[in-house]
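Take a look at the letters that make up each chain.
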Amino acid sequence: MTNSKPILLFDLDGTLIDSAPDLLETLNVILKRNGRATLTIEAVKKLVGDGARALLERGFKETGAPAENLDDLSVEFIETYVPNCAVHSRPFNGVTETLEAFANDGYRMAVCTNKPQAPSETILTKLGLIQYFEVVVGGDYFPVRKPNPQHLLGALQLMDAEGSPAIMVGDSYNDVASARNAEMPVIVVTYGYTTTPAKELGGDILIDHFSDIIDAVSRLRA
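Parameters and conventions
- Residues numbered from 1 in each chain as written.
- Predicted model: local features only at pLDDT ≥ 70, side-chain atom pairs only at ≥ 80, totals over all residues.
- Heavy atoms only, no water.
- Salt bridge = Lys/Arg side-chain N within 4 Å of Asp/Glu carboxyl O.
- Helix = DSSP H or I, 4+ residues; strand = E, 2+ residues; numbered from the N terminus.
- Expected span 1.5 Å × (residues − 1).
- Buried < 20%, exposed > 50% of the residue type's maximum accessible area, 1.4 Å probe, protein only.
- Phe/Tyr/Trp six-rings, centres within 6.5 Å; stacked < 30°, edge-to-face > 60°.
- Pairing = 2+ DSSP bridges.

1. Details of the pattern of salt bridges
For side chains bearing opposite charge, pairing can occur when the charged atoms are close.
Working step 1: For the structure on display, the rule yields nine salt bridges.
Working step 2: The salt bridge partner of Glu76 is Arg33, with a shortest N-O separation of 2.5 Å. Pair noted here: Glu76 is in helix α4 (residues 70-81) and Arg33 is in helix α1 (residues 20-33), with a separation of 43 residues, a long-range link.
Working step 3: Here Asp204 ties to Arg180 by a salt bridge, and the two come within 3.1 Å at their closest N and O atoms. Taken together, the residues span a long stretch of sequence, with Asp204 in the loop between β7 (186-189) and β8 (205-207) and Arg180 in helix α8 (residues 173-181) at a distance of 24 residues.
Working step 4: Connected through shared salt-bridge partners, Asp11, Lys146 and Asp175 make up one network.

Here you go:
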C-alpha cells in the first residue's frame, strides 16, 4: 500500500459490536408470535451477516418450514428491533479506544454493513460510536450489499475518496469477498460471527483483539 493513510472501512455486527443478544431477543419475539420455537445465542451468531430479512429467513428455517411472508416479517422485525437495538449490545473490548486513536491520528473511517440503515445508525449513536465515522452504509443504502464490491466502493464515493487506498475490517465471508472484489486488503477478526473459521476466510491479517488493528494497519501500509 502507499504511505498515505488508508481509509478504514468497518463491518458492524461481529466486528465493532457484539449485537447478537439484541438480535436474538427480537428474532425470538417474531418466532414466538408465529408459533415457532426460540433460538439460542450460539445459534443466532451463525445466522447473522446478511441483514434482517436473511436473519428471519434462516431463523424460520431453523425452527420449521420457511416463512411465507418475509416482507411483512422484515417490517415487523425492524419496528421491534430499532428501539431495542442497544439494550444488551456493546462494543467489543478495545473498540472505542482504538477508534479514538485512529481518529486522533487522522484516519478517515466508515461503516459498511449489511444491517439495515436505520438500526445501524441507531446502535452506533446509542453506543457512542457514530462520531468516528464519516459515513454509515447499511445493507439497504445502495441497491447492492456485500459481497458486491460496490457496497465498499460506494462508501468511498460518498466520502469523495474514490480511488483512495482503503482497508476493510470484518469477520465474515461477505467482508473478505467484497474487499477482494474491490481490490483492497482485508483484516479479519477472529471473535466475530461466522460459520467458516476465521483462518479459512482468506484475510490478509487475522487479529484476536480489536486493538490489534492498529498494528495490522501499520503492517499493511509498510
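2. Observations regarding α1
Working step 1: Its 14 residues give α1 an end-to-end C-alpha distance of 20 Å, which sits within 8% of 20 Å, the value for a rise of 1.5 Å per residue.
Working step 2: All buried positions along α1 are accounted for by Ala20, Asp22, Leu23, Leu24, Thr26, Leu27, Asn28, Ile30 and Leu31.
Working step 3: In the stretch just after α1, Gly35 is the one whose phi turns positive, near 75°.

3. A look at the packing of aromatic side chains
Working step 1: Tallied over the full model, the rule gives six aromatic pairs.
Working step 2: Between Phe102 and Tyr107 the ring centres are 5.0 Å apart and the planes differ by 70°, which places this aromatic pair in the edge-to-face class.
Working step 3: The class of Tyr107 is buried, set by a relative accessible area of 9%.
Working step 4: Three or more aromatic residues joined by ring pairs make a cluster, and in this case those are Phe10, Phe133 and Phe210.

4. Thoughts on the pairing of strand β1 (residues 7-10)
Working step 1: Side chains Ile7 and Leu9 project from β1 onto one buried face, and the interleaved Leu8 and Phe10 project onto a second face that is buried too.
Working step 2: Examined bridge by bridge, β1 and strand β6 (residues 166-170) share four bridges and lie parallel to one another. Bridge assignment links Leu9 to a residue of β6, and that residue is Met168.
Working step 3: Sheet topology note: the β1/strand β4 (residues 109-112) ladder contains three bridges and is parallel.

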